[in-house]
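Residues per chain, in single letters:
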Amino acid sequence: MQRKRYVPGRTGSTVRTAVALALGLGLGAGLTACSGGAPADGVAVDAKAGPAVAVAPPGRYRTLFEPCGAVPQATLKDLLPGAADLPDAERDKAYRGVAAVTYDTDRRVGCTWRAETPEASHWVSLDIERVVSYDAAVSDDDRAQEVYVRKQLAAGIPLAPTAPPTPSGTASGSSAGTPSGAPSGSPSATGSPAATSPAADRSPASGAPSATTTPTPATTGLEPRVLTGLGDIAYLDDVLSTVGADGHQRAVSVVFRTSNVIVTVSYREQTAGAVDAPDSAELQEKARNLARRLAERLEE
């Protein structure tokens with residue numbers, strides 16, 4: 001057999017190099033195609049990903065003021081009339097107040113002042129809370145409103161009523177859904193009984209008393225109530241109780257919210273013996289004046 005002639009450049013190593021280059025180019029093209037196409041099987045895709053949710057705005061207040069120094073001494077003299085007769089050391093202590101113990105003074109602070117005499121004792125206390133919402137969809141103000149509403153309902157003071165929406169396209173004098181041309185004997189839209197009812201045939205001049213008539217209790221304007229013109233929303237509570245055999249204690253609280261801060265002003269007077277019960281109008285006026293001063297402080 002005749003042996004083939006050796007030809008330069010056709011060695012096995014050269015062939016292997018060419019094959020490797022071809023495979024490299026093919027692999028690169030395949031990777032490029034995979035990166036631009038659909039994800040391969042087994043690759044985890046976050047199915048929960050969706051449109052970004054808007055974050056609720058933060059509250060107006062980030063810190064709180066020091067409460068014991070927020071009430072001027074002239075105001076304390078009016079709130080604590082018995083302190084003026086105390087010895088100097090006790091009087092100064094009464095006007096300094098006692099700060100409430102809290103774990104974060106940027107979230108909650110408080111202070112209490114007290115003065116006692118043989119005839120009466122007076123207490124003044126402040127509680128100031130900055131509400132923070134940890135839900136990104138709920139603002140600090142909305143969360144503070146929830147806290148405030150719970151306080152007001154716990155005091156037994158109903159929320160201010162809201163007017164129901166008026167149906168559009170309703171004829172005057174008839175309720176929505178009452179067919180036109182209804183018989184004259186049918187019940188009216190106001191819920192009056194039908195004409196066939198014996199009670200409907202009675203003449204108003206007969207003198208029969210109405211079954212729905214109830215006596216209206218006399219009001220003095222000093223009852224627990226919602227207040228206006230103080231913060232974003234406010235209420236006042238007034239509770240009179242007996243202490244011991246013949247003592248009385250009246251506690252007046254004014255609570256208001258401004259943005260994400262809730263302020264509670266508590267003013268109490270306790271009498272003993274034959275002394276009359278503390279006057280409601282006087283305590284309410286002093287408590288409201290202090291609350292207004294604190295509301296102005298929050299606006300500074």
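What you see is a predicted model, and the numbers here were worked out from it, not measured in a lab.

(A) Spotlight on the pairing of strand β6 (residues 247–258). For β6, the buried fraction is high: nine of the twelve residues fall into the buried class. Sheet topology places strand β5 (residues 233–243) next to β6; eleven bridges connect them, and they run antiparallel. Within β6, the residue paired with Ile233 across the bridge is Arg257. Hairpin connection from β5 to β6: three residues lie between these consecutive antiparallel strands, with Gly244 at a positive phi of about 70 degrees. The pairing of β6 with strand β7 (residues 261–271) spans eleven bridges and is antiparallel. Pairing of Thr258 across the sheet is with Val261, part of β7.

(B) Quick look at the pairing of β5. As paired strands, strand β4 (residues 225–227) and β5 are joined by three bridges and run antiparallel to one another. Following the sheet pairing, Arg225 is matched in β5 by Leu236. Two successive antiparallel strands, β4 and β5, enclose a turn made up of five residues, where Gly229 displays a positive phi of approximately 75 degrees.

(C) Region of interest: helix α4 (residues 140–154). For α4, spanning 15 residues, the distance from its first C-alpha to its last is 21 Å, which sits close to the expected 21 Å at 1.5 Å a residue. Taken as a whole, α4 has its buried residues at Asp140, Ala144, Val147, Tyr148 and Gln152. Burial along α4 is one-sided: seen end-on, the buried residues are contained in an arc of 140 degrees. Along α4, the residues that are exposed and aim more than 90 degrees away from the buried face are Arg150 and Ala154.

(D) Spatial organisation of the confidence of the model for the protein chain. With 63% of its residues at a pLDDT of 70 or more, the protein chain shows a mean pLDDT of 77. A low-confidence stretch, residues 3–40 (pLDDT under 50), is modelled with two contacts involving residues beyond four sequence positions or located in other chains. Below a pLDDT of 50 lies the segment residues 169–206, which in the model reaches ten contacts outside its immediate sequence neighbourhood of four places, other chains included.

Cut-offs used in this document
- Residue positions are counted from 1 within each chain, in the order its sequence is given.
- Per-residue local features of the predicted model are confined to residues with pLDDT of at least 70, and side-chain atom pairs are confined, for both listing and counting, to 80 or more; whole-chain, interface and lining totals are unaffected and use all residues.
- Each side-chain value is worked out from all heavy atoms of the structure, with water and hydrogens disregarded.
- When accessible area is computed with a 1.4 Å probe and restricted to protein chains, residues below 20% of their type maximum are described as buried, those above 50% as exposed, and intermediate ones as partly exposed.
- By definition, any uninterrupted DSSP run of H or I lasting at least four residues is a helix, any uninterrupted run of E lasting at least two residues is a strand, and each is numbered from the N terminus.
- DSSP-based pairing: two strands are paired if at least 2 bridges between them are found.
- Residue count minus one, scaled by 1.5 Å, sets the expected span of a helix.
- Think of the arc as the fan of directions from the helix axis to the C-beta atoms.
- What pLDDT conveys is the predictor's confidence in a given residue, as a value from 0 to 100.
- Residues count as neighbours in contact if any of their non-hydrogen atoms are within 4.5 Å of one another.

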